[in-house]
Amino acid sequence: MHRALISLCSVSLLLSLTSCHKQSASKSGDAAPVDYMAIQKKAELFVPAVGKTGGEIILSTFSDPKSFNPITATETSTSEFTQYMYEGLVRINGVSRLPEPSLARSWDISADGLTWTFHLRPGILWSDSVPITAADVEFTFNQLIYNNDINPCSSRDIFLINNKPLNVAALDSATVQFKLPVPFAPFLRSLSQEILPHHIWAPIVKKKTFAQALGIRTNPDSMVVSGPFCLQSYISSQKVVFKRNPHYWQKDSTGNQLPYLDRVIYSIVQDQNAELLAFKRGDIDFLAAKGEDFPGLKKDEANGSFTVFRLGPNTGANFLFFNQNTGRDSATGKPFVDSVKLSWFRNVTFRKAMAYALDKESMIRIVMNGLGYPQWSPMTPAEGYFYNPSVTTYLYNIKEAKRLLAEAGFFDKNNDSILEDKEGHPLEFSFCTNSGNNVRLKIAEIIRKDLESIGCKIHFQQLEFNSIIAKISNKPYEWDAVLLGLTGGSEPHFGRNVWHSSGNLHMWFPSQSKPSSTWETSIDSIFDAGVVELDVVKRKALYDQWQSSAADNVPLIYTVLAEQIYCINNRIKNINPSPNGGILHNIERLYVETGAHAR
């Protein structure tokens, strides 16, 4: 079943990539067509070389880590770092995107699909040399994920099936059993969930302080991990350093301990321009490049110090959204959102007008040098089988945007170029995005001008990424409109914490006690049904409905997808570029070329 599904995903993915690329590549004379199907096929056949231990890779990021806690993480400023530190019972292969054994070496499934028994690898150790056991798995689920005192916890959204938890029990030190209340279609894939050590964190859980644990001030020596790298040090606004985990379970084909690299270093840079300069100077080894920088980088590639890879549309998304929170402060009774603005933001006609006002072709041409793709709904062509291309689209149309605003009661009553609503309130609101991401900032500037051209008065500001996350996730929810992004993936259910009305990343109105609209009720039903439906065709039909509803009701107004453009220093070996996994998916097998020294 999984093999047939993945084969279908790969065909769908690569045909979509080819189609999308033909549309956008013609806009850039510097970008020759790329055969993504051939790149993916080569990646599937790749056999890693036996490498040498030692050396380091230097990466970059725009934001300090918010924490090192994978359980409470809702943002990439945590998961970007914890991905090296913790592993699950299974892992997702960076090329095929199939689940494969990780901390578990094998598993058995009952005939009814409701009981899964996992057998841990013999001899696997935490980084402090304590054995990893089934008790750690039981602890992670029963005392962390299902602990209502620990918030936020996005994993809880995923592992509650029809609002019921899984029954997780250690049968012995090497065997853990999961009993499901009902069939759970993405169960195996979901067990890439990070497992944490019972012997370290159980006392902290008893004190009810785990939600604050693994913070940026936590001693790195206390962060016991199972992944290829341990945290060595963190210096605010400068760098995050990981060191090789000497007890990591993976070995290469000749029995050598992985990872090969001694260190992974993140340099914290101000923005994408600083990142580009650092890469060109050789201060960092890897660059996720902007489309506008592609021609110059491709020219410099001839010098032989680095290689440029184009791998098709990204899976991540950038979108505009408005605050639709109808709640009130429990102490003062004050509404979180001004009632006038709330009436605008909750009006689907208003949101559709905003969608028609966004000039996505200009975003692709100006910001991405033609190397981009318009997006209309939650999933992208790069995410494969469940992607629905047949959704409502909002091609740039100023006349239609103005018509819809007039239908919603907005007119320029005093000829000052700013629209007013039926009660005479000017159409005025704040709009922010995060600093550091120059592509997103340029998209935000185009959005600002587009919305001003239809009669909106915009107060734009840049905020630090973690500050925006705090605003949209916590009371008193003081914000109007935000441009942000989400990472993507091939399994729709893993977006439940965004799309189910109870989800803590339901950004336009998080953690609802009950759905605040009929369309949210419908999407809740789709996610509740999709997770227990084992027939892949029927699941596809359900998630097609979700994407159509998301496009019709536009709680998130999607913008454009960037081309995946990656550059990496040629001193780094065992690179296996994949449209599915990018460049760094096999970091435990990357090594520094013989003769190249750590810097």
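Peer 1: Let's hear about the pairing of strand 1 (residues 56–61): which residues, and what values?
Peer 2: Most of strand 1 sits out of view: six of its six residues are buried. Both faces of strand 1 are covered, namely the face carrying E56, I58 and S60 and the face carrying I57, L59 and T61. With six bridges connecting them, strand 1 and strand 10 (residues 263–268) associate as parallel partners. Bridge pairing in strand 10 links T61 to I268.

Peer 1: Could you give me a rundown of empty space enclosed by the protein, with the residues and numbers involved?
Peer 2: Going through the model one piece at a time under the given rule, you end up with two cavities of 30 Å³ or more. In this structure, the largest cavity occupies an estimated 60 Å³ of space. A355, L358, K360, Q375, W376, Y394, V554, L556, I557 and Y558 together form the lining of the largest cavity. Looking at the lining of the largest cavity element by element, the count peaks at three residues for strand 18 (residues 556–558).

Peer 1: So what about the packing of helix 4 (residues 134–145) against helix 7 (residues 198–206)? Which residues, and what values?
Peer 2: For the pair helix 4 and helix 7, the least separation of the axes is 10 Å and the interaxial angle reads 25°. On the basis of the axis angle, helix 4 is roughly parallel to helix 7. Taken as a pair, helix 4 and helix 7 cross one another with a handedness that is left-handed. Across the interface between the two elements, A135, D136, F139, Q143 and L144 of helix 4 pack against H198, H199, W201, A202 and V205 of helix 7. In the contact of helix 4 with helix 7, the residues fall into six nonpolar, three polar and one charged.

Peer 1: Describe the packing of aromatic side chains, naming the residues involved and giving the relevant values.
Peer 2: Within this structure, the stated rule accounts for 43 aromatic pairs. Here Y356 and Y394 contribute two aromatic rings whose centre-to-centre distance is 5.1 Å and whose plane-to-plane angle is 75°, an arrangement assigned as edge-to-face. In this pair, Y356 sits in helix 11 (residues 348–356) while Y394 sits in the loop between strand 14 (372–374) and helix 13 (398–407), placing the two residues 38 residues apart along the sequence. Assigned by exposure class, Y356 and Y394 land together as buried. Taken together, the ring pairs connect W107, W116, F118, F141, F159, F178, F184 and F187 into an aromatic cluster. A cation over an aromatic ring shows up here: K540 above the ring of Y385, its NZ or CZ 5.8 Å from the ring centre.

Peer 1: Please give an account of the side chain of D544 that cites residues and values.
Peer 2: Counting through the fold element by element, D544 comes out in helix 18 (residues 536–553). Overall, the relative accessible area of 19% leaves D544 in the buried class. Look past the residues within four positions of D544 in its chain and what remains in contact with it is F386, Y387 and N388.

Peer 1: Go over helix 12 (residues 360–368) with me, naming the residues and quoting the values.
Peer 2: Those residues of helix 12 lying buried are K360, S362, M363, I364, V367 and M368. Turning to helix 12, the residues buried within the fold contact strand 14, helix 14 (438–453), strand 18 and strand 19 (560–569). Of the residues flanking the end of helix 12, it is N369, one or two places downstream, whose phi is positive at about 55°.

Peer 1: Report on the side chain of E520, specifying residues and quantitative values.
Peer 2: Here E520 is to be found in helix 17 (residues 518–530). Every residue in contact with E520, bar those within four places of it in the chain, is listed here: H506, W508, Q512 and P515.

Peer 1: Can you lay out the environment of K164 for me, pointing to particular residues and giving the numbers?
Peer 2: Relative to the elements of secondary structure, K164 occurs in the loop between helix 5 (154–159) and strand 6 (167–172). Among the residues examined, K164 registers a relative accessible area of 47% and is labelled partly exposed. Along the chain, K164 and D300 lie 136 residues apart, while their C-alpha atoms are 55 Å from each other. Other than its neighbours up to four places away in sequence, K164 contacts F159 and P181.

Peer 1: Hey, could you go over the pairing of strand 12 (residues 306–313) for me, with residue numbers and the actual values?
Peer 2: Most of strand 12 is tucked away, with seven of its eight residues classed as buried. Examined bridge by bridge, strand 12 and strand 19 share six bridges and lie antiparallel to one another. Among the inter-strand pairings, R310 is bridged to a residue of strand 19, identified as I565.

Peer 1: Explain the sheet that holds strand 5 (residues 115–120) residue by residue, including any values.
Peer 2: In spatial order, the strands read 4-5-7-6; together these four strands make up an open sheet with antiparallel pairing. A strand with exactly one partner marks an edge of an open sheet, and here the two such strands are strand 4 (104–109) and strand 6. With strand direction ignored, the average angle separating the axes of adjacent strands in the sheet is 20°. The sheet contact formed by strand 5 and strand 7 (residues 175–179) spans five bridges and is antiparallel. The residue bridging T115 from the neighbouring strand is K179, located in strand 7. Taken strand by strand, helix 4 contacts strand 5, strand 6 and strand 7, and its axis lies near 165° from that of strand 6.

Peer 1: Provide a residue-level description of the sheet that holds strand 10, including the pertinent values.
Peer 2: Ordered by their spatial adjacency, four strands build an open sheet running 1-10-9-8, and the pairing between neighbours is mixed. Both outer strands of the open sheet, strand 1 and strand 8 (229–235), are each paired with one neighbouring strand and no more. Strand-to-strand twist of the sheet, defined as the mean angle between neighbouring strand axes without regard to direction, takes the value 20°.

Peer 1: Provide a residue-level description of the layout of surface pockets, including the pertinent values.
Peer 2: Reported here for the second largest pocket is a volume of approximately 630 Å³. Contributing to the lining of the second largest pocket are 31 residues, with T74, N151, P152, C153 and N504 lying nearest its centre. Classifying every residue of the lining of the second largest pocket by side-chain character gives eight nonpolar, 17 polar and six charged.

Peer 1: Can you explain the pattern of salt bridges? Please cite residues and give values.
Peer 2: All told, the structure shown has 24 salt bridges when counted by the stated rule. Residue R91 pairs with E588 through a salt bridge whose shortest N-O separation is 3.2 Å. Highlighted residues: R91 in strand 2 (residues 90–92) and E588 in the loop between strand 20 (572–573) and strand 21 (591–592), separated in sequence by 497 residues. Side by side, R91 and E588 carry an identical accessibility label, which is buried. Note that R403 is salt-bridged to E400, the shortest N-O span being 2.8 Å. With R403 and E400 both in helix 13 and three residues apart, this pair spans about one turn of that helix. Within the structure, one salt-bridge network assembled from shared partners comprises E87, R91, E100 and E588.

Peer 1: Hey, could you go over unusual backbone geometry for me, with residue numbers and the actual values?
Peer 2: A cis amide bond links L258 with the next residue in sequence, P259, at an omega value of 0°. Looking at the secondary structure, you find P259 in the loop between strand 9 (239–244) and strand 10. Here K475 and P476 are connected by a cis peptide whose omega angle stands at 10°. Note that P476 resides in the loop between helix 15 (465–473) and strand 17 (481–486). Positive phi outside glycine occurs at R97, with the angle close to 65°. Of the residues examined, R97 reaches a relative accessible area of 30% and is grouped as partly exposed.

So, how was this worked out
- Residues numbered from 1 in each chain as written.
- Predicted model: local features only at pLDDT ≥ 70, side-chain atom pairs only at ≥ 80, totals over all residues.
- Heavy atoms only, no water.
- Buried < 20%, exposed > 50% of the residue type's maximum accessible area, 1.4 Å probe, protein only.
- Helix = DSSP H or I, 4+ residues; strand = E, 2+ residues; numbered from the N terminus.
- Pairing = 2+ DSSP bridges.
- 1 Å grid on protein atoms, 1.4 Å probe; cavity = no way out; pocket = protein on both sides within 12 Å on 5 of 7 lines; lining within 4 Å.
- Points joined across faces, edges and corners; volume = space filled by probe spheres on them.
- Axes fitted to C-alpha atoms, helices over the stretch in contact; angles between N-to-C directions.
- Parallel < 35°, antiparallel > 145°, perpendicular 65-115°, else oblique.
- Left-handed = near helix turned anticlockwise from the far one by under 90°.
- Contact = heavy atoms within 4.5 Å.
- Nonpolar A, V, L, I, M, F, W, Y, C, P; charged D, E, K, R; others polar.
- Phe/Tyr/Trp six-rings, centres within 6.5 Å; stacked < 30°, edge-to-face > 60°.
- Lys NZ or Arg CZ within 6 Å of the ring centre and 35° of its normal.
- Salt bridge = Lys/Arg side-chain N within 4 Å of Asp/Glu carboxyl O.

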